[in-house]
Amino acid sequence: ASVDVSETVSLQPNVMIKGTQAAPVGVDVNLNAMFSDRFLAGISYRSGGDAFAESVDLLFLYRITEAFSLGAAYDVSIGPLSNYNNGSLEVMLQFNIGGNGSVASPQNGSAPPRVF
């Protein structure tokens with residue numbers, strides 16, 4: 001769900017709790033800001049493993065057309081792995097099949113399928 005801040009800006013908060021047997025519970029907290037339904041910028045915090053803090057991620061996505069978006073995410077390790085890892089960069093191409101391609105909120109109440 002998104003929260004409209006103005007006519008051109010909406011915020012998309014997300015929380016995900018992950019758990020499995022014989023492993024610590026992990027929590028991801030994300031906040032994305034969508035600008036003019038075309039540009040998305042976000043920040044994410046991940047906990048899990050043996051550390052309270054595992055990583056912080058920065059995300060950027062640009063909607064090129066109704067169907068195509070191009071984005072990048074930079075993951076910075078802040079837990080025990082930070083001694084061995086300076087972070088990682090991910091590049092993504094998103095293709096929306098059907099629907100209106102809206103990243104912020106679909107018109108018909110259900111998100112179109114996405115291929116990453």
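In this report, we go over the structure that sits alongside the text.

### Digging into the pairing of strand β6 (residues 68-77)
What you see with β6 is a clean split: S69, G71, A73, D75 and S77 sit on the buried side and F68, L70, A72, Y74 and V76 on the side with no burial. In this sheet, strand β7 (residues 88-96) lies alongside β6 in antiparallel orientation, the contact comprising eight bridges. In the strand pairing of β7, A73 is matched with E90.

### Quick word on the pattern of salt bridges
For the structure shown, the criterion picks out six salt bridges. Its salt-bridge partner being R46, residue D57 comes within 3.4 Å of it at the nearest N-O pair. Note that D57 is positioned in strand β5 (residues 51-63) and R46 in strand β4 (residues 39-48), a separation of eleven residues in sequence. The salt bridge partner of E66 is R63, with a shortest N-O separation of 2.6 Å. Since its relative accessible area comes to 46%, E66 is described here as partly exposed.

### So, the side chain of D57
Given the relative accessible area of 11%, D57 is considered buried. Here R46 takes part through its side chain, which lies 3.4 Å from a polar atom of the side chain of D57. Residues within four places of D57 in sequence aside, it is in contact with G42, I43, S44, R46, Y74, D75 and V76.

### Some points on the environment of Y45
Take Y45: it is sitting in strand β4. Measuring from C-alpha to C-alpha, the distance between Y45 and V76 comes to 9.8 Å, with 31 residues separating the pair along the chain. In this structure Y45 touches V27, D28, V29, F52, A53, S55, V56 and I78, once residues within four positions along its chain are discounted.

### Comments concerning the packing of aromatic side chains
Evaluated as defined, the whole model comprises three aromatic pairs. Aromatic pair F68 and F95: ring centres 4.9 Å apart, planes at 40°, arrangement tilted. With a gap of 27 residues between them, F68 in strand β6 and F95 in strand β7 connect regions that are remote in the sequence. A relative accessible area of 33% places F95 in the partly exposed class.

### Quick notes on the pairing of strand β3 (residues 26-35)
Summarising the sheet, strand β2 (residues 9-18) and β3 pair through ten bridges and their orientation is antiparallel. For S10, the partnering residue across the bridge sits in β3 and is M34. With nine bridges connecting them, β3 and β4 associate as antiparallel partners. In the strand pairing of β4, L31 is matched with I43.

### Some thoughts on the environment of T65
Checked against the element boundaries, T65 lands in the loop between β5 and β6. At 3.1 Å, the side chain of T65 forms a polar contact with the backbone nitrogen of F68.

Definitions and cut-offs
Residues numbered from 1 in each chain as written. Predicted model: local features only at pLDDT ≥ 70, side-chain atom pairs only at ≥ 80, totals over all residues. Heavy atoms only, no water. Buried < 20%, exposed > 50% of the residue type's maximum accessible area, 1.4 Å probe, protein only. Helix = DSSP H or I, 4+ residues; strand = E, 2+ residues; numbered from the N terminus. Pairing = 2+ DSSP bridges. Salt bridge = Lys/Arg side-chain N within 4 Å of Asp/Glu carboxyl O. Polar contact = N/O pair within 3.5 Å; in protein donor to acceptor, adjacent residues only side chain to side chain. Contact = heavy atoms within 4.5 Å. Phe/Tyr/Trp six-rings, centres within 6.5 Å; stacked < 30°, edge-to-face > 60°.

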